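What follows is each chain in one-letter form.
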Amino acid sequence: MAPRLPARCWRQLSLAGASTPRTALILVPQIQKSSFSRTAISPVKYGWSTTLPKRGAKPYKYDKTTSGLPALTTGPAAALERRKNTTPVRAGVIAVKKGMTAFFGNRGARIPCTVLQLDQVQALANKTREKNGYFAVQVGFGDRKADNVGAPMLGWYEAKGIPPKEKVAEFKVRDESGLLPPGVQLQPDWFHVGQWVDVRADCKGKGFAGGMKRHGFAGQEASHGNSKNHRTIGSSGASQGSGSRVLPGKKMPGRMGGQRVTVQNLPVLMVNNELGIVVVKGCVAGPKGAHVLIQDAVKKPPPPQEFIQKTRKLLDQRFPNAEEYLEAARKQHLVLKEARAQGRIDQMLKKGVTATDEIESLLQARITTPEVVA
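Remember, it's a predicted structure, so these values are computed and weren't measured experimentally.

Rules of the game
- Residues numbered from 1 in each chain as written.
- Predicted model: local features only at pLDDT ≥ 70, side-chain atom pairs only at ≥ 80, totals over all residues.
- Heavy atoms only, no water.
- Salt bridge = Lys/Arg side-chain N within 4 Å of Asp/Glu carboxyl O.
- Helix = DSSP H or I, 4+ residues; strand = E, 2+ residues; numbered from the N terminus.
- Buried < 20%, exposed > 50% of the residue type's maximum accessible area, 1.4 Å probe, protein only.
- Contact = heavy atoms within 4.5 Å.
- Pairing = 2+ DSSP bridges.
- Axes fitted to C-alpha atoms, helices over the stretch in contact; angles between N-to-C directions.
- Expected span 1.5 Å × (residues − 1).
- Arc of directions from axis to C-beta.

*Asks:* What's the story with the pattern of salt bridges in this structure? I'm lost.
*Replies:* Charged atoms that come close allow side chains of opposite charge to pair. In this structure the tally under the stated criterion is 5 salt bridges. With its nearest N and O atoms 3.1 Å apart, the salt bridge here joins Asp296 to Arg90. One end of the pair, Asp296, is in strand S13 (residues 291-296); the other, Arg90, is in the loop between helix H2 (76-82) and strand S3 (93-104), with 206 residues separating them in the sequence. Each member of the pair, Asp296 as well as Arg90, carries the same accessibility label: buried. In this structure, Arg260 and Asp202 form a salt bridge, with 3.0 Å as the shortest nitrogen-oxygen distance. One end of the pair, Arg260, is in strand S11 (residues 260-272); the other, Asp202, is in strand S8 (residues 196-202), and 58 residues separate them in sequence. We classify Asp202 as partly exposed; its relative accessible area is 40%.

Right under this line is the structure:
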């Protein structure tokens, strides 16, 4: 801030200005008053303007693409690109845990292993990036009574020509090359011996457990003045040092188990199509009879390209008409749907369903009388 001038200086300036015109003391040329703006200019500090935006102005787009900025690294496409190397190339299978056994190596070493059995594992549907934002394959396991399945899901299975499944899961794949035609069945030879897989399952639920069982606390003294506090966790928080509170994440009694557990990098020891089993080394979460998801390991290299091509050829040989069968199932679904709408489904089921004639007649009826369909 500039220093103040003493009063005598102001007095001399006022005396000097009395004998000379006022315009002579002004160093800048005279301009009209209307050219000055009455609005104060806001300062700019550290490269950012502190002026408020105009009312109704559109906000600045943070991800605006210009010639001076690199390509965007956010969004669904960029996220899929970042996860490309950690997404499996192929879909996985659903199996049921039968139990544990042991293999013995060439030198007599005992190798604990888990037996996983496949049962009617079929591909149900595909998800694509254009429609769903990512690539994935829906897989079903086993079979389920139609009485225990809702009408919308029965129609969904009917349109694909696949019986209702006991368990359905979704496996993400890297790109469209990992998609499978609906209806094909995956067998244990989908994996090979020596391959690394990841196995996901829900672990056993233990219910509400104490600190010693849930977190492995040592407990307190058995005697020497301890009274009815042998298995308690002790103090859970300070009264002053931590703010008179219990810190978040404190290990305390609570619900134990019943969570999704992934055991990674398990080597495959045996595959058998006749028995429908895949034997992996080590333990797998869950009790006997639990459903487990098996897929190629994400932290290991994918299977060789030759093996992937071999498995796809086997699928094409075992199910050469998968696309035609799917189209026929969709047409038959239209027949049954129209029959239900017209109230003559029982009559059709008694005499049997014929595809071509019924489809042509019912589609023609829909065109002529569209109000028939509810």
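*Asks:* What should I look at first to understand the side chain of Gln295 in this one?
*Replies:* By the element assignment, Gln295 lies in strand S13. On the accessibility criterion, Gln295 (6% relative accessible area) is buried. Aside from chain neighbours lying at most four places away, what touches Gln295 is Pro88, Arg90, Ala91, Gly92, Phe171, Lys172, Phe191, Val197, Asp198 and Arg200.

*Asks:* What is the right way to read the sheet that holds strand S5 (residues 122-127) from this model?
*Replies:* Two orientations exist for strands paired in a sheet by backbone hydrogen bonds: parallel and antiparallel. Spatial strand order, S5-S6-S7: 3 strands in an open sheet with antiparallel pairing. On the outer flanks of this sheet lie S5 and strand S7 (167-172), each paired with one strand and no other. Here the strands of the sheet are splayed against their neighbours by 25° on average, with no regard to which way each runs. Where strand S6 (residues 136-141) and S7 come together, 6 bridges link them in antiparallel fashion. Bridge pairing in S7 links Val139 to Ala169. Helix H4 (residues 151-160) rests against S5, S6 and S7 of the sheet, and its axis sits at about 100° to S5.

*Asks:* Just checking my understanding: could you explain helix H6 (residues 305-318) for this structure?
*Replies:* For an α-helix the count is 3.6 residues per turn, leaving residues at separations of three or four pointing the same way. Compared with the 20 Å implied by 1.5 Å per residue over 14 residues, the 20 Å span of H6 between its first and last C-alpha is a close match. Three or more residues of H6 are buried, namely Phe307, Ile308, Thr311 and Leu315. Buried residues of H6, viewed axially, fall in a sector of 105°; they line one side. Opposite the buried face of H6, by more than 90 degrees, sit the exposed residues Glu306, Lys310, Lys313 and Gln317.

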